[in-house]
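Breakdown of the fold
The primary structure of each chain is shown beneath.
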Amino acid sequence: MARQKMSKHLSFISVLSQLIPIKLNQSFSLSPKKSYPVQLLQYFTIPFPKALFLLLSFLLILTLHLGLHLPLSQVPCSPFPSISARYSSSGNISEFWRQPNGMGYKPCLEPSEEYQLESVVQMANRRKYLVVVVAGGLNQQRNQIVDAVVIARILGATLVVPVLQVNPIWGDESEFSDIFDLNHFKHVLLADVRVVSSLPSTHIMARTVVEKQTPMLVSPTSIRARYLKRLNKEGVLLLRGLDSRLSKDLPSDLQKLRCKVAFQALRFAKPIMELGNKLSARMRSKGPYIALHLRLEKDVWVRTGCLPGLSPKSNKIIRVERKLHPKLLTGRSNMSYHERKLAGLCPLNALEVVRLLKALEAPSNARIYWAGGEPFGGKRAIRPLIEGFPNFYNKENLSAPVELAPFAKKSSSLAAIDYIVCEQSDVFIPSHGGNMAHLMRGHRAFFGHKKFITPNKRQMIPYFLDKTLTELEFKRVVKSLHENSLGQPEFRTDRVRKDVTAFPVPECMCNGTDTTL
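Residues numbered from 1 in each chain as written. Predicted model: local features only at pLDDT ≥ 70, side-chain atom pairs only at ≥ 80, totals over all residues. Heavy atoms only, no water.

**Points about the pattern of salt bridges**
Scanning all chains against the criterion turns up 19 salt bridges. In this structure, Asp192 engages Lys260 in a salt bridge whose closest nitrogen and oxygen atoms are separated by 2.6 Å. Here Lys260 lies in helix α9 (residues 252-265) and Asp192 lies in the loop between α6 (182-188) and β7 (195-196), a separation of 68 residues in the sequence. On the basis of relative accessible area, Asp192 is assigned to the buried category, the value being 4%. Overall, Lys260 belongs to the buried group, its relative accessible area being 19%. Of the charged contacts, one joins Lys341 and Glu352 as a salt bridge, the two residues approaching to 2.7 Å between their closest N and O atoms. Residue Lys341 is found in helix α13 (residues 337-342), and its partner Glu352 is found in helix α14 (residues 350-359); the two are separated by 11 residues along the sequence. One salt-bridge network, held together by shared partners, links Asp147, Arg258 and Asp499. (Salt bridge = Lys/Arg side-chain N within 4 Å of Asp/Glu carboxyl O. Helix = DSSP H or I, 4+ residues; strand = E, 2+ residues; numbered from the N terminus. Buried < 20%, exposed > 50% of the residue type's maximum accessible area, 1.4 Å probe, protein only.)

**Comments concerning the packing of aromatic side chains**
Scanning the entire structure with this criterion turns up 10 aromatic pairs. Relative to Phe392, the ring of Trp370 has its centre 6.1 Å away and its plane inclined at 5°; by these criteria the two rings are stacked. Of this pair, Trp370 sits in strand β11 (residues 367-371) while Phe392 is found in strand β12 (residues 392-393), placing the two residues 22 residues apart along the sequence. This pair shows no difference in class: Trp370 is buried, exactly as Phe392 is. When the ring of Phe428 is compared with that of Phe452, the centres are 5.4 Å apart and the planes differ by 40°; the resulting orientation is tilted. In this pair, Phe428 is assigned in strand β13 (residues 427-430) and Phe452 in strand β14 (residues 451-452), connecting sequence segments 24 residues apart. Classification of Phe428 by relative accessible area gives buried; the value is 0%. By relative accessible area, Phe452 is classed as buried at 3%. Joined through ring pairs, the aromatic side chains of Phe176, Phe180, Phe185, Phe268 and Tyr419 make up one cluster. (Phe/Tyr/Trp six-rings, centres within 6.5 Å; stacked < 30°, edge-to-face > 60°.)

**Some words on the packing of helix α10 (residues 270-284) against helix α18 (residues 411-423)**
Remark: α10 packs on α18, axes separated minimally by 8 Å, with the N-to-C direction vectors making an angle of 40°. The angle between the axes of α10 and α18 places the two elements in the oblique class. For α10 against α18, the interelement crossing comes out right-handed. On the side of α10, the interface is formed by Ile272, Met273, Leu275, Gly276, Asn277, Leu279, Ser280 and Met283, while α18 contributes Ser413, Ala416, Ile417, Ile420 and Val421. Residues belonging to the contact of α10 with α18 are distributed by class as follows: nine nonpolar, four polar and no charged. (Axes fitted to C-alpha atoms, helices over the stretch in contact; angles between N-to-C directions. Parallel < 35°, antiparallel > 145°, perpendicular 65-115°, else oblique. Left-handed = near helix turned anticlockwise from the far one by under 90°. Contact = heavy atoms within 4.5 Å. Nonpolar A, V, L, I, M, F, W, Y, C, P; charged D, E, K, R; others polar.)

**A few points about the pairing of strand β4 (residues 129-134)**
Burial within β4 is extensive, with six of its six residues counted as buried. Side chains Tyr129, Val131 and Val133 of β4 all project onto a buried face; the interleaved residues Leu130, Val132 and Val134 project onto the opposite face, where all are buried too. In this sheet, strand β5 (residues 158-160) lies alongside β4 in parallel orientation, the contact comprising two bridges. By the bridge assignment for β5, Leu130 is matched with Leu159. In this fold, the crossover linking β4 to β5 by way of helix α4 (residues 138-155) has right-handed handedness. Bridge count between β4 and strand β9 (residues 236-239): four bridges; the pairing is parallel. Across the sheet, residue Val132 finds its bridge partner in β9, namely Leu239. (Pairing = 2+ DSSP bridges. Right-handed = clockwise from strand over helix to strand, strands pointing away.)

Structure, rendered in structure tokens:
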């Protein structure tokens, strides 16, 4: 009874955590000794009379400190504050943060009249169904889903929601709807391809046409010749092994469909989007930020035929692993490590990334978010970055354990969170190529040509190895090598090797002029 009476006389006021400065270089982890609710990350509760006095005092001091020039809503988490980190001492915007000239290019996905008429006929056909099984990591899966939608369109088939094969490395058993927003996927593609969650009962017992390995760089004509007759007869086609199989040289309408799937239809599921947006807001709370995709994992060093260079012992471990698994080496097995390095085929290590950033005049106080798997060598592998740029974070030290808990053992969901934070960054730099860098390049171009720095490794590495260069000369050379590698609009001139999902100009973007690059 005493406790009940006391509760009637207490009032509480909530103080937004946005008004309390938080040092993001400290983990948000909660103390293991006490079980606090997650709401403590956002609110602090204080008895009302004292809280009101403290709050008013705080607001008065804050207003005086800011000189009445900045509205309270911009402190400190607005995406557009007055940011000292972004400006040079002269007051001009720092060259490093300056965005490339997008030349007015905007998404341009309107299909032809012929395509739209074909859509009406295709939507009425409910006899043919395409089932696909996609494999690999998140971004491999996304590439294969893009291809699956286009193949369904080519065959005039209904697409059954793609099946995600259990990843043998990470044991991720996620389904499509765990990673992507399924309703959004269906809605965006409503005028292109009919998508259903499962085969109808009329087709479950059908004799399925199974293709375990789709041919390389297959064209729409070849797809129809290979599958259409059997699909019309049996009603169901099952495809596996779609990775990079579809030709990159497709008719304009199909190129637009590829962009539509990659950049609009494949939106991540709501829980993933919410956490990704939260982490991005925390990174941006004190200004612009850089996102790095670091490829320093053990399997990357083994597959590329390169060496981490941490120590003779670490190099030996990689060499032994490569001899035990020779099939893991991806191409050019006759090249030595040194030859691969000079050819630009090796990932940049942490020290090389630091030298690149400093040469491009990234501020030492720049906030950096890094994505990627566990580096071979642990913290030692990324120590140069931590020492060169102290404001260095990843999803683990930006979030509370309770926030990441729902995604435990779900590697694709964790990779999706990384993707969101990287996509929303002011500057993105991959240390090596790959599916994420490929999609990120296209995504950032499609949504405004946001700065994307492509390390020019082949031309840059000899200067990294030249000990006679002064730091000033090294900086001049590196900046010169990257003048045209900052995310500017780039025409997809190589229609055989370059994918429209990485280079969306000119098929998926237009600027209303005849301007050429």
